Amino acid sequence: MRNVTDKATFKRGLQLKNRIIMAPMTTKMSFFDGVITKDELAYYGLRSGEVGAVITAAANVQEDGKGWEGELGAYDDAFLPGLSKLASTIKTNGTKAILQIFHAGRMTDDSVLRGTQPISASAVAAERPNAQVPREVTVAEILTIIENFKKATERAIKAGFDGVELHGANTYLIQQFFSPHSNRRSDEWGGSLENRYRFVEKLVDEVLETVEQSGVKEFIVGYRFSPEEFEEPGIRFEDTLFLVDQLAEKGLDYLHISLADYTRKSISKAYQEKSMLAYVYEKIAQRVPLIGVGDVRTSKDAAGLLEHADFVAVGRALLIDPHWGQKVLDGQDELIRTTVSTYEREELVLQNGVWGFMENMMPDRLYEEK
């Protein structure tokens, strides 16, 4: 039975001092041009040092991949000084730093992109209010996007990060290529399940090759995915089991499922006996480590999640209590802070998008000023 206190070593040699990972969460704290701020460094620094690793908020790999204001940039060498500061800030007391890289695809708009039309696998708008119709990318542009993921990986290596996570979840561009809702292409990059997987496969292969060719030691590559979509047509859980089965053979260092609740079951009637986390863990069959996530609040939650995963990612609990990890590691659950008020925002560096996220996703754990 895995325990949060257990050390773990990835196949590329990187070792985590425990199995608690800070989950990637949008901060919206960077400058308008994607450069990291002192507030953002303080936010990560406060939550580093005790957990095994920190996965950053998404950093875009090219300018038209920006999803929101205040997003971290990784698409130019000009970002290297800030990225280096971020990596060194996180790597306090042996915590490992993982840079999440992504392209927003159609999940943005021309105001964020300063007049540029969003792009995606196909010219199909997302099913959300005021969604804009994206422009379908050409094959040449697909290859350029993959090249830019590789360049962002190289920057992560130069900046001193311990790994990158390919953000193939939460309906962003990588997922858009895999989804039958956003990918209606008739060429080799769309159509069948295998063709919709093509972008994912080539991206993973190219990034892994980039890491191998760099000669860097103990640098890991992970892949995050969302298990299903509600759109029609959309990704169904059966599709995701195909995806993880393929990715488990790719030489990745880990897979990372994106869930709001680790006990959540599929919307598919065929998969109701267990949680989606349990089905995915069973499908992977220990071929690659799995990071689980989803409303982990206590050591009991962490233990329950680790029955069907190798690592536990924690998000909201670390926003409220930056020392949640150490308290769980020490068996001191009674000391965990479970709510936060607006009076404590500055102390906990809960600025901009972080506080907005908390208001939307966890209002029951906030106390507003009257």
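Predicted model only: the values in this text are computed from it and were never measured.

What counts, and at which threshold
- Residues numbered from 1 in each chain as written.
- Predicted model: local features only at pLDDT ≥ 70, side-chain atom pairs only at ≥ 80, totals over all residues.
- Heavy atoms only, no water.
- Helix = DSSP H or I, 4+ residues; strand = E, 2+ residues; numbered from the N terminus.
- Buried < 20%, exposed > 50% of the residue type's maximum accessible area, 1.4 Å probe, protein only.
- Contact = heavy atoms within 4.5 Å.
- Areas by Shrake-Rupley, 256 points an atom, 1.4 Å probe, with all protein chains shown as cover.
- Lys, Arg positive; Asp, Glu negative; His and termini not counted.
- Charge placed at Lys NZ, Arg CZ, Asp CG, Glu CD.
- Core = buried A, V, L, I, M, F, W, Y, C linked by side-chain atoms within 4.5 Å.
- Phe/Tyr/Trp six-rings, centres within 6.5 Å; stacked < 30°, edge-to-face > 60°.
- 1 Å grid on protein atoms, 1.4 Å probe; cavity = no way out; pocket = protein on both sides within 12 Å on 5 of 7 lines; lining within 4 Å.
- Points joined across faces, edges and corners; volume = space filled by probe spheres on them.
- Nonpolar A, V, L, I, M, F, W, Y, C, P; charged D, E, K, R; others polar.

**Student:** Run through the overall build of the chain, naming residues and quoting values.
**Tutor:** The helix and strand tally for the chain stands at 11 helices and 16 strands. Seen along its three principal axes, the alpha-carbon backbone of the chain occupies a region of about 55 × 50 × 45 Å. Across the 370 residues in the chain, those meeting the buried criterion constitute 59%. Look at the contacts in the chain between residues 6 or more apart in sequence, and 68% of them connect residues 24 or more apart. Surface accessibility of the chain: about 14900 Å² in total, with carbon and sulfur atoms responsible for 47%. Averaging the coordinates of the 44 positive side-chain charges in the chain and doing the same for the 56 negative ones gives two points 1 Å apart.

**Student:** Describe the nonpolar core, with residues and values.
**Tutor:** Judged by nonpolar contacts, the single largest core of 103 residues is most densely connected at Leu 99, Phe 161, Leu 166, Tyr 223, Leu 255 and Met 358. Residue contributions to this core peak at nine residues, all from helix 5 (residues 193-214). Those residues within four positions of Phe 161 in sequence are excluded, and the remaining contacts are Thr 56, Leu 83, Leu 86, Ala 87, Ala 97, Ile 98, Leu 99, Ala 156 and Phe 219. If you look at the next biggest cluster of nonpolar residues, it comprises 15 residues, including Leu 16, Val 293, Phe 311 and Ala 313.

**Student:** Describe the environment of Lys 150, and please don't skip the residues or the numbers.
**Tutor:** Positionally, Lys 150 belongs in helix 3 (residues 139-159). Separated by 139 residues in sequence, Lys 150 and Lys 11 place their C-alpha atoms 21 Å apart. Lys 150 has contacts with Glu 206, Val 207 and Thr 210, leaving out every residue within four places of it along the chain.

**Student:** With reference to specific residues and values, describe unusual backbone geometry.
**Tutor:** Here Glu 232 and Pro 233 are connected by a cis peptide whose omega angle stands at -5°. Locating Pro 233 in the fold gives a position in the loop between strand 11 (220-225) and helix 6 (237-247). Even without being a glycine, Thr 171 presents a positive backbone phi close to 70°. Mapping Thr 171 onto the fold places it in the loop between strand 10 (163-168) and helix 4 (173-178).

**Student:** Tell me what's going on with the packing of aromatic side chains, and back it up with residues and numbers.
**Tutor:** Per the counting criterion, the structure on display carries 12 aromatic pairs. Plain terms: the ring middles of Tyr 43 and Tyr 44 are 4.9 Å apart, the flat faces sit at 75° to each other, and that makes the pair edge-to-face. We note that Tyr 43, like Tyr 44, is buried. A centroid spacing of 6.0 Å and a plane angle of 70° characterise the contact between Phe 237 and Tyr 279, whose relative ring orientation is edge-to-face. Here Phe 237 is found in helix 6, whereas its partner Tyr 279 is found in helix 7 (residues 276-284), with 42 residues between them in sequence.

**Student:** Describe the layout of surface pockets, listing the residues and the values that go with them.
**Tutor:** Its volume calculated, the largest pocket comes out at about 1200 Å³. Considering the residues around the largest pocket, the lining is formed by 39 residues, among which Asn 170, Arg 224, Ser 258, Phe 357 and Met 361 are closest to the centre. Those elements that provide at least two residues to the lining of the largest pocket are strand 14 (311-314), helix 9 (316-320) and helix 11 (352-361). In terms of residue class, the lining of the largest pocket is made up of 17 nonpolar, 14 polar and eight charged. Empty space within the second largest pocket amounts to approximately 250 Å³. Lining the second largest pocket are 17 residues, with Met 107, Thr 108, Ala 126, Arg 128 and Thr 171 sitting closest to its centre.

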